[in-house]
Amino acid sequence: MRISGFSFLFFCLIISITSIAQNRTSVQSINDFTFFFEQGDFVKAEKCLLNVLESEDSLLDRSKVAICNNLGVINNKLGRYDKSLHYYSLAEKLIDNRSLYSEELGDVYINKARVYGIIRDYNKSIDYLNQSLKLYRSLNKNNSNYFKVSSAYLNLGLTLYENRNFKDALIYLFKSLDLKNAYGLTEKELPYLNIAKVYVETKEYSKAEKCFKQSIYWFEKEYGSNYYRITSALFDYGLFLNSIGRNQEALNIYQKALAISFQNYGAKHPFVSLAYKHLGDYFYNESNYGEALQYYQKSLIAVVNDFNDTCIFSNPSISSAIFNYRLLDNLKSKSQALKMFALQQQKTNQLKVMEHSYETINLALQLIERIRNNYTSYDSKLYLAENEKATYLSAIEISKEIYTLTNDPVYIEKMYSISTLSKSRVLSDEVNENEILYSKSSPDSILIQRNYLRMQISSYNKLIQDESQKAKPDSLKIEFWNDKLFELNRSNDTLYDKIKTVSTQYRDLASITEPVNLKDLQANLNRNETVVEYFIPHNYSQGWRDLYIFTITRDRLRFKSLQVDTMFAYNVNIIKQSAVKSNFINSPKAYRSYLIALSYMYNTLIKPIKNDLAGTKIIVIPDEEIAYLPFDAFVQDLPTNPSVRFDGLNYLLRNYSISYAYSSSLVFSKKKVNTSKVVAFLPDYASNATKSKLIGAKNEVVSISRGFTSINYTNGFATESNFKHLCLKPAVLHLAMHSSTDTVNSKYSYLIFDSIQDSVEDGRLYSYEISMSKISSPMVVLSACNTGTGDLYHGEGIMSLSRSFFLAGVPSVVNTLWDVNDEASSPIISSFYHNLSKGMDKDEAMRLAKLNYLKNSTPTYANPYYWAAYQVMGDKSPVKRNVKVYISIAGVFLISFFCLFYFRRRRLS
């Protein structure tokens, strides 16, 4: 018998059970299990182990661990990944003395890691693999142990490959292969296979083919040509052959893989489904969409229980999937094939087929939501958002095709709904989760425990990041911190299981995280307001990217479909570069290039929809790199004067008030809070020689008191502790301070408070700390540098300090897109507060503040660098009642009342 994680546990299983068995039934069941497992009959193998587990024999914990671990292996083979994780977790709980059972625990970890890799929860997979490696290295050196270490290296390489980290993947895969060669270990076929896959991605095709052939050779040498695991090599080899144009060879390989899969697994299994899908893909690439659809339908049947309909227009229930990700890929492929098949039909039949295509892609979108709601890992949700954006694009394109055929406005609504569904869903989930856990119905202990775990996880990740960036990182420290992280993440998973159990509200989270209904959004819009939502893929297709622009007013929804080439990204980059330093534009050539970029963005993003704008207020919901753009600095027409002058330019600001939102769900706040109070923080950084005093910010803080009741925490009182103490006050929070942007991970960007008199906090308020706070302010003004910038995630937006305040419950944030000039920003913010004190909407208050700045600035300081960085994000409603308006309304009411009273008296007399 070959040595593996399975067989070692199985060997212990035989010894422990045969030594204590009270009857022959258990021993026979173990013998039968051995036979059926080696034959690949996993259903019968599972029954054998369940018989032992349910028998009257008294089993040692070590035997139960072996049984549960092998039940996990079997369910993994059968594609039942949730059940597989369940059995692995049972085995893990049974191992209470880890020093005694370290090898068994390593086996459980490595098996669990592989399942997490399959369901694409890669961070968990890597954590478990690293822990298994640590356990194996602590064991005595022998062939069994070397095999386990090589398996851990193999799975680390595979997980890194799946996460597209090809360089590190090769390192671990070769480590695995070297161990197998050095000690004559079995299963050389697996590192060869995965090394081949990496070479395909790095376009080293001759090396790839050599490794594919080595993998197949070792599979056949050790197990024969019909062994069930050889299908993995055949699938990938077929894909490789297809990619280099050897199509007939690829078809033969796919057919062989299908035969082997069917023989070993039967009709219902993810591998059988994958075999059918590869055949479908083959015929799709040959433009034989009818034949492709037949195979895609078979792929659906193979991965869904209780579904056997061969009609290509029939779809299964997503609730019966054997493996969600396999079903998702099949649905996406089928919907695309139906779309292409429809375009081949006569016009009379096109609509029917295209509607089936929409029905299929809509099921895929529902399945994405189901998968996302099952994730507890923040990183896994982000990974899903980034990698499934193409699915939303596909759904929009199919809806557009139906709209073209029918001219039915319902499909414009569907397109818009799909676009909103793809926007900032992780943010929406987190906001709603925080609201639920901060509600009175949620046990305080759960909330405290969740925040403690998150804080600890973020802190240890930060320690590891900082240490790893050193010239000579301390590997012992990193290993220690990784161990701490592993335990914290496991505790976090357990906590979320508890939250889902005790909180009915949390179980209903999926229903309340849906994007805002179009009619509800329109009902909140005023007559002069327009929501402009953009949707753009992050990849080019043949040099072009589709750009969809949706305009929503109080009484209509419209869309424009455009295409942009590489000039779009080029001009975005020019605008971003000009925001880095004001002197970037130091020549007529650079000046002209900058203005052309601003004009290009106006002509691309605004001009096509100008006639659809209802009035003078625009609410922008950006997508991809559009989030980096200052819309109010867009130039509506280029000047003819070649000299470098920024004054007098026709900026979009002159005609429109502009605010921004991450998604339509965050445009309007459910909680309208009016306040006349502002709490301001202004550190003087006397103890920090690297940070300059903010003279202009001091003027900002002084000016606030002219229109608001202000409490100012300045100098040594502007501490992080005081800020955290005042978070629950329903006042505007004004933070005039320095910030630090982490270029590696924006989660570790922070605001810098004064720390000399703070005995509790370190003066660094990290982005992740903010997101775990409860802040009752109706608006936070971040008068600091780069508070609206950070890492850009496809489908999710920019990870910034500003975003963290939304997670903390703040409905409106004023942030900055780049470094702000202290001298220039002071008059803008002062004027902004003056306008707010009159009861203006935040967007209009900011617009008039910027216009006032331009009116009074010199030509040099009219450069958008000095004034365009500030953005109003989220709810833009006033923060202070306009007393004069209320007095006027009351006056009109009283005059009307007395007039009516007077005329009634005269009539009666």
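See the structure printed just above.
Residues numbered from 1 in each chain as written. Predicted model: local features only at pLDDT ≥ 70, side-chain atom pairs only at ≥ 80, totals over all residues. Heavy atoms only, no water.

Visitor: Before we move on, could you go through the pairing of strand S8 (residues 732–736) and cite the residues and values that matter?
Guide: Extensive coverage of S8 is indicated by the burial of five of its five residues. What you see with S8 is no split at all: Val-732, His-734 and Ala-736 on one side and Leu-733 and Leu-735 on the other are buried throughout. Taken together, the four bridges between strand S6 (residues 677–682) and S8 define a ladder with parallel strand orientation. Each residue of the ladder has a partner; that of Val-679, found in S8, is Leu-733. Bridge analysis of S8 against strand S12 (residues 780–783) gives four bridges, and the strand direction is parallel. (Buried < 20%, exposed > 50% of the residue type's maximum accessible area, 1.4 Å probe, protein only. Helix = DSSP H or I, 4+ residues; strand = E, 2+ residues; numbered from the N terminus. Pairing = 2+ DSSP bridges.)

Visitor: Describe unusual backbone geometry, naming the residues involved and giving the relevant values.
Guide: Even without being a glycine, Asp-306 presents a positive backbone phi close to 60°. Structurally, Asp-306 is set in the loop between helix H15 (289–303) and helix H16 (324–343). Its identity is not glycine, yet Asn-786 carries a phi of approximately 60°, on the positive side. Tracing the sequence through the fold places Asn-786 in the loop between S12 and strand S13 (791–793). Owing to a relative accessible area of 19%, Asn-786 belongs among the buried residues under this scheme.

Visitor: Give a description of the pattern of salt bridges that names residues and reports values.
Guide: A full pass over the atoms with the stated rule returns 49 salt bridges. Residue Asp-555 pairs with Arg-556 through a salt bridge whose shortest N-O separation is 3.9 Å. Arg-556 gets classed as partly exposed once you look at its relative accessible area, which sits at 25%. Glu-761 is paired through a salt bridge with Lys-724; the nearest N and O atoms lie 3.3 Å apart. Of this pair, Glu-761 sits in the loop between strand S10 (750–752) and strand S11 (764–766) while Lys-724 sits in helix H30 (residues 720–726), placing them 37 residues apart in sequence. (Salt bridge = Lys/Arg side-chain N within 4 Å of Asp/Glu carboxyl O.)

Visitor: Quick rundown of the packing of H16 against helix H19 (residues 389–406)? Include the residues and the values.
Guide: It is at 11 Å that the axes of H16 and H19 come closest, and there the two elements cross at 25°. Relative to H19, the element H16 is oriented roughly parallel. Two packed elements cross with a definite hand, and for H16 against H19 that hand is left-handed. Here Lys-332, Ser-335, Gln-336, Lys-339 and Leu-343 of H16 come into contact with H19, specifically with Thr-391, Ser-394, Glu-397, Ile-398 and Glu-401. In terms of residue class, the contact of H16 with H19 is built from two nonpolar, four polar and four charged. (Axes fitted to C-alpha atoms, helices over the stretch in contact; angles between N-to-C directions. Parallel < 35°, antiparallel > 145°, perpendicular 65-115°, else oblique. Left-handed = near helix turned anticlockwise from the far one by under 90°. Contact = heavy atoms within 4.5 Å. Nonpolar A, V, L, I, M, F, W, Y, C, P; charged D, E, K, R; others polar.)

Visitor: Quick one: what's the story with the packing of aromatic side chains, residue by residue and with numbers?
Guide: Remark: the centre distance and the inter-plane angle together describe each pair of aromatic rings, the angle taken between the planes. If you walk through the whole model with that rule in mind, you get 47 aromatic pairs. Ring centres of Phe-212 and Phe-240 lie 5.5 Å apart, and the angle between their planes is 35°; this geometry places the pair in the tilted category. With Phe-212 in helix H11 (residues 205–223) and Phe-240 in helix H12 (residues 230–243), the pair connects residues that are 28 residues apart, well separated along the chain. Taking 5.8 Å as the distance between ring centres and 75° as the angle between the ring planes, the aromatic pair formed by Phe-681 and Phe-723 counts as edge-to-face. Of this pair, Phe-681 sits in strand S6 while Phe-723 sits in helix H30, and the two are 42 residues apart along the sequence. As far as the burial class goes, Phe-681 and Phe-723 line up, both buried. Members of the aromatic cluster, joined through ring pairs, are Tyr-223, Tyr-227, Tyr-228, Phe-235, Tyr-265 and Phe-271. The ring of Tyr-540 carries Arg-545 above its face, with NZ or CZ at 5.1 Å from the centroid. Sitting above the plane of the Tyr-628 ring, Lys-576 keeps its charged end 3.9 Å from the centroid. (Phe/Tyr/Trp six-rings, centres within 6.5 Å; stacked < 30°, edge-to-face > 60°. Lys NZ or Arg CZ within 6 Å of the ring centre and 35° of its normal.)

Visitor: How would you sum up the packing of helix H3 (residues 42–53) against helix H4 (residues 61–77)? Please name residues and give values.
Guide: Packing of H3 against H4 leaves a shortest axis separation of 10 Å and a crossing angle of 160°. By the criterion of interaxial angle, the relationship of H3 to H4 is roughly antiparallel. Viewed along their axes, H3 and H4 form a crossing whose handedness is left-handed. Counted together, Phe-42, Ala-45, Glu-46, Leu-49, Leu-50, Val-52 and Leu-53 of H3 and Ile-67, Asn-70, Leu-71, Ile-74, Asn-75 and Lys-77 of H4 form the full contact between these two elements. In terms of residue class, the contact of H3 with H4 is made up of nine nonpolar, two polar and two charged.

Visitor: Before we move on, could you go through the nonpolar core and cite the residues and values that matter?
Guide: Considering soluble globular proteins, one finds that nonpolar side chains tend to be buried as a cluster. Core analysis: the biggest nonpolar cluster contains 156 residues, and Phe-37, Ile-74, Leu-327, Leu-331, Tyr-548, Phe-550 and Ile-552 have the highest contact counts within it. Apart from the residues within four sequence positions on either side, Tyr-548 is in contact with Leu-393, Ile-396, Glu-397, Lys-400, Met-415, Glu-533, Tyr-534, Phe-535, Phe-559, Lys-560 and Ser-561. (Core = buried A, V, L, I, M, F, W, Y, C linked by side-chain atoms within 4.5 Å.)

Visitor: Outline the environment of Phe-486, supporting the account with residue identities and numerical values.
Guide: In this structure, Phe-486 sits in helix H23 (residues 475–502). For Phe-486 and Asp-127, which are 359 residues apart along the polypeptide, the C-alpha to C-alpha distance reads 6.2 Å.

Visitor: Outline the sheet that holds S10, listing residues and values.
Guide: An order of S9-S10-S11 is seen for the three strands of this open sheet, with the pairing classed as antiparallel. The sheet is open, and its two edges are formed by strand S9 (738–740) and S11, each paired on a single side. Sheet twist, expressed as the average angle between the axes of neighbouring strands with direction ignored, equals 25°. As paired strands, S9 and S10 are joined by three bridges and run antiparallel to one another. Paired with His-738 across the strands is Ile-752, a residue of S10.

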